[in-house]
Amino acid sequence: MEIIGMRNEITEMKAIINETLDEVENEAHTHANEKVEKLCQNNREKVNLSFTWTNSPKPFKARRTLDMNPKDVITTSNRYDILQNLESSNHTDLLQNNVKYSMNKPKCARKRKVLILADSHGRDLSTKLASKLPSNYTVVGFVKPNASLGKVAQPVNELTRDFTSHDTVVILGGANNIRKHQHESVQDIDEGMHSIKEASKRMKVIVNAIPVRYDKQYLNNVICNANDYISDKCKNTKIKFDGTSEKFNKLCYTKQGLHLNNKGKNILCERLAYLIMNEDEFSPNISEDNNKNFMEISTDF
């Protein structure tokens, strides 16, 4: 009986505990819901406040004007003030100053030109002559092996269209005329000298004597007569006839005896450099009474 009574008491106590737990849970849920509602209400108020603040018009601020005495203003200056002066200055004056500066700017001096027209005797003359002239000279050479004097001088006027009175043409030819028939040789020399005389009206012209030969020395008499004929053609003109090539000894020639060696070419170029740099050497030659005809003084070739 006692056991049965204890079981009944336990059952009653469980029932009381369950009822108490249910009440506690209900109160807890109720309290939690109230807190949640309060939190939501606070958040809604904050959102509404931020919305009304962001959409509210900005207050208008009036610009203030300061009545300041010029004496109270601090004056400032720096290295960029010149830019302000340029902006306020007259642009026309600036352009005029630039034009004056460009007009007064020194121009590069024009180089004087030297043109060498030669047969096979003129090889390497342009390089050697350029080394003996000042830096304000430029030298160009055209070599025509086996060409007569007429063929050597033929392009002189075409190649010197832009030449002035300060420029110079050097002619070295005629050695191949000695091997031609006498009449053909004279005619060819006359044609070459005609072209050379036309060029001498615009620039300085130097005609070199035909070099003597040490391979066939029996031709030297004919060469000297041909040089006399060419020299006479240069008289009463501004053409400078130079007989240096006719006076070289055997030490100035190659072993073959036909062409000048380096020594001979250096001596010839020193003479040419002297003539080119001295304007007085190109005064008109005075003709003498011994005008000779090449047909009369030369022998058959």
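Basis of the calculations
- Residues numbered from 1 in each chain as written.
- Predicted model: local features only at pLDDT ≥ 70, side-chain atom pairs only at ≥ 80, totals over all residues.
- Heavy atoms only, no water.
- Helix = DSSP H or I, 4+ residues; strand = E, 2+ residues; numbered from the N terminus.
- Expected span 1.5 Å × (residues − 1).
- Buried < 20%, exposed > 50% of the residue type's maximum accessible area, 1.4 Å probe, protein only.
- Contact = heavy atoms within 4.5 Å.
- Polar contact = N/O pair within 3.5 Å; in protein donor to acceptor, adjacent residues only side chain to side chain.
- Phe/Tyr/Trp six-rings, centres within 6.5 Å; stacked < 30°, edge-to-face > 60°.
- Patch = residues over 30% accessible without salt bridge, like charges linked within 9 Å, V, L, I, M, F, W, Y side chains within 5 Å.
- Areas by Shrake-Rupley, 256 points an atom, 1.4 Å probe, with all protein chains shown as cover.
- Salt bridge = Lys/Arg side-chain N within 4 Å of Asp/Glu carboxyl O.
- Lys, Arg positive; Asp, Glu negative; His and termini not counted.
- Charge placed at Lys NZ, Arg CZ, Asp CG, Glu CD.
- Axes fitted to C-alpha atoms, helices over the stretch in contact; angles between N-to-C directions.
- Parallel < 35°, antiparallel > 145°, perpendicular 65-115°, else oblique.
- Left-handed = near helix turned anticlockwise from the far one by under 90°.
- Nonpolar A, V, L, I, M, F, W, Y, C, P; charged D, E, K, R; others polar.
- Pairing = 2+ DSSP bridges.
- pLDDT = per-residue confidence, 0-100.

(A) Local environment of helix α9 (residues 262-277). Between its first and last C-alpha atoms α9 spans 22 Å; for 16 residues at 1.5 Å apiece the expected length is 22 Å, and the two agree. Within α9 the residues assigned to the buried category are Gly264, Lys265, Leu268, Cys269, Leu272, Ala273, Leu275 and Ile276. Its buried side turned inward, α9 meets β1 (112-118), α4 (125-132), β2 (137-143), β3 (168-172), β4 (204-208) and β5 (240-242). The opening residue of α9 is Asn261, an N-cap whose side-chain oxygen sits 3.1 Å from the backbone nitrogen of Lys263.

(B) Quick peek at the packing of aromatic side chains. As enumerated under the stated definition, the model contains 1 aromatic pair in all. Residues Tyr214 and Tyr253 carry aromatic rings whose centres are separated by 5.0 Å and whose planes lie at 65° to one another, so their mutual orientation is edge-to-face. Of this pair, Tyr214 sits in the loop between β4 and α8 (220-234) while Tyr253 sits in the loop between β5 and α9, and the two are 39 residues apart along the sequence. Since its relative accessible area comes to 4%, Tyr253 is described here as buried.

(C) Geometry of a negative patch on the surface. A contiguous patch of negative charge on the surface is contributed by Glu19, Asp22, Glu23 and Glu27. Take Asp22: it is sitting in helix α1 (residues 2-54).

(D) Seen up close, a nonpolar patch on the surface. A surface patch of nonpolar side chains, amounting to about 230 Å² of accessible area, comprises Val140, Phe142 and Leu159. Inspection of the secondary structure puts Val140 in strand β2. Residue classification places Val140 among the partly exposed positions, given a relative accessible area of 41%.

(E) Examining the environment of Val156 more closely. Looking at the element boundaries, Val156 is found in helix α6 (residues 156-159). Sequence spacing of Val156 and Ala199 is 43 residues, and the spatial spacing of their C-alpha atoms is 6.9 Å. Beyond its immediate stretch of four places on either side in the chain, Val156 contacts Leu117, Val169, Ser195 and Ala199.

(F) Quick look at the packing of helix α7 (residues 182-199) against α8. α8 packs onto α7 with a crossing angle of 30° between their chain directions and a minimal axis gap of 11 Å. By the angle class used here, α7 and α8 are roughly parallel. Note on packing geometry: the crossing formed by α7 with α8 is right-handed. Taking contact as the criterion, the partners of Val186, Ile189, Asp190, Met193 and Lys197 in α7 are, on α8, Tyr229, Ile230, Lys233 and Cys234. Residues belonging to the contact of α7 with α8 are distributed by class as follows: 6 nonpolar, no polar and 3 charged.

(G) Summary view of the side chain of Asn227. Inspection of the secondary structure puts Asn227 in helix α8. Here the side chain of Asn227 touches Glu246 through a polar contact of 3.4 Å, side chain to side chain. If near-sequence neighbours (up to four positions away) are discounted, Asn227 is found in contact with Ala209, Ile210, Phe241 and Glu246.

(H) Representation of the sheet that holds β4. One open sheet accounts for 5 strands, arranged β2-β1-β3-β4-β5; its pairing is parallel. Strands with a single pairing partner mark the edges of an open sheet, and in this sheet they are β2 and β5. If you compare each strand with its neighbour and ignore which way they point, the axes differ by 20° on average. Note: β1 against β3, 5 bridges, orientation parallel. Residue Ile116 lies in a different strand from β3, and its bridge partner there is Val170. Across the sheet, α4 lies against β1, β2 and β3, angled at about 165° from β2, the strand it touches most. Against the sheet, α8 engages β4 and β5, with an angle of about 160° to β5.

(I) Spatial organisation of the confidence of the model for the protein. Averaged over all residues, the pLDDT of the protein equals 78, while 66% of them reach at least 70. Low pLDDT, under 50, characterises residues 50-56; the predicted model gives this stretch 0 contacts beyond four residues in sequence or across chains.

(J) Just the pairing of β3, in detail. With respect to burial, β3 is a largely interior element, 5 of its 5 residues being buried. Alternating positions in β3 separate into two faces, Thr168, Val170 and Leu172 on one and Val169 and Ile171 on the other, with burial throughout. Bridge count between β3 and β4: 4 bridges; the pairing is parallel. Paired with Val170 across the strands is Ile206, a residue of β4.

(K) Structural view of the pattern of salt bridges. By the definition in use, this model includes 10 salt bridges. Between Arg110 and Asp167 there is a salt bridge; the shortest N-O distance is 2.9 Å. Of this pair, Arg110 sits in the loop between α3 (91-104) and β1 while Asp167 is found in the loop between α6 and β3, placing the two residues 57 residues apart along the sequence. Among the residues examined, Arg110 registers a relative accessible area of 42% and is labelled partly exposed. For Asp167, a relative accessible area of 0% puts it in the buried group. One continuous salt-bridge network, built from bridges that share partners, spans Arg112, Lys204 and Glu279.

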